[in-house]
Amino acid sequence: MAEVSIVNYGIGNTGSILNMLRKLRVDAELVATPAAVSEAKRLVLPGIGAFDACMAALQRSGLRDGLLEYAAGGRPLLGICVGMQMLTLGSEEGDLPGLGLIRAHTRRFGAHPGLRIPHMGWDRVRWVVPDHPLARNLAEDSRFYFVHSYRVTCESAANSLALCTYGEEFAAAIGSGNVGGVQFHPEKSHRFGLALLNNFATA
């Protein structure tokens, strides 16, 4: 059984994430059946594009319920980009409910003079829970690569693991128990992304 399994529901940078984990010499695999999801040691939920498209694809894949059962079992789950937004209650981008694993909301960025949407490129992340397993050995001024038009805000500050500011403050990483998510793309974030994925794979 692989150390890290990546949910393959038809959307997401599965190949890039797999390659980064292999660069770390982490045994990783793609999983596309409920049985494989239920047997995973650690699970990554990727996502790119529109929120509703990702939620609908996850439902069509037959993996949604298995993913929720997996999360309830206490094993590590990491959502990436829209995969993080899918962990929340829902998004202003669409009408479908999120997985509701973290009490947070996904909302569009407000208008700010001189700032373009989407928020795209490298930006600094401030870890407000520096002792969280995902943050291990990451400097407070670590930089990650973002591409997103919607941002997450948590109902409780305790669920915000890291913050970033782009016109307004938003959660760059969120967590609740064994469930975590990052808005940025660790698979595109070079040494900082490698460090975070290594943290997840070895937590």
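Residues numbered from 1 in each chain as written. Predicted model: local features only at pLDDT ≥ 70, side-chain atom pairs only at ≥ 80, totals over all residues. Heavy atoms only, no water.

Caption draft 1: How the structure looks around the environment of M86. Here M86 shows up in the loop between α5 (82-85) and β5 (104-108). Classification of M86 as buried rests on a relative accessible area of 0%. It is 20 Å that separates the C-alpha atoms of M86 and A36, two residues lying 50 residues apart in sequence. Once you skip the residues sitting within four places of it in the chain, M86 turns out to touch Y9, L45, P46, F51, C54, M55, L58, G98, L99 and G100. (Helix = DSSP H or I, 4+ residues; strand = E, 2+ residues; numbered from the N terminus. Buried < 20%, exposed > 50% of the residue type's maximum accessible area, 1.4 Å probe, protein only. Contact = heavy atoms within 4.5 Å.)

Caption draft 2: The arrangement of the packing of helix α1 (residues 14-23) against helix α6 (residues 190-202) in detail. For the pair α1 and α6, interaxial distance at closest approach is 10 Å and the crossing angle is 80°. By the angle class used here, α1 and α6 are roughly perpendicular. Counting all contacts with α1, which are made through M20, L21 and K23, the residues of α6 involved are H190, G193, L194 and L197. In terms of residue class, the contact of α1 with α6 is made up of 4 nonpolar, 2 polar and 1 charged. (Axes fitted to C-alpha atoms, helices over the stretch in contact; angles between N-to-C directions. Parallel < 35°, antiparallel > 145°, perpendicular 65-115°, else oblique. Nonpolar A, V, L, I, M, F, W, Y, C, P; charged D, E, K, R; others polar.)

Caption draft 3: Inspection of the pairing of strand β8 (residues 143-148) at higher detail. Along β8, the buried face is formed by F144, F146 and H148; none of R143, Y145 and V147, which line the opposite face, is buried. In this sheet, β8 lies alongside strand β6 (residues 119-124) in antiparallel orientation, the contact comprising 6 bridges. Bridge assignment links G121 to a residue of β8, and that residue is F146. (Pairing = 2+ DSSP bridges.)

Caption draft 4: Representation of the pattern of salt bridges in the model. Scanning the entire structure with this criterion turns up 7 salt bridges. Here K41 makes a salt bridge to E3, at a shortest N to O gap of 2.9 Å. On the criterion of sequence distance, the pair formed by K41 in the loop between α2 (34-39) and β3 (43-45) and E3 in the segment before β1 (4-7) is long-range, its members being 38 residues apart. Judged by its relative accessible area of 36%, K41 is partly exposed. (Salt bridge = Lys/Arg side-chain N within 4 Å of Asp/Glu carboxyl O.)

Caption draft 5: How the structure looks around unusual backbone geometry. With an omega of 10°, the peptide bond between I117 and P118 qualifies as cis. Checked against the element boundaries, P118 lands in the loop between β5 and β6. Even without being a glycine, R25 presents a positive backbone phi close to 60°. Looking at the element boundaries, R25 is found in the loop between α1 and β2 (28-31). Positive phi outside glycine occurs at N137, with the angle close to 65°.

So, to be careful, I would describe these as geometric facts and stop short of saying anything about function.
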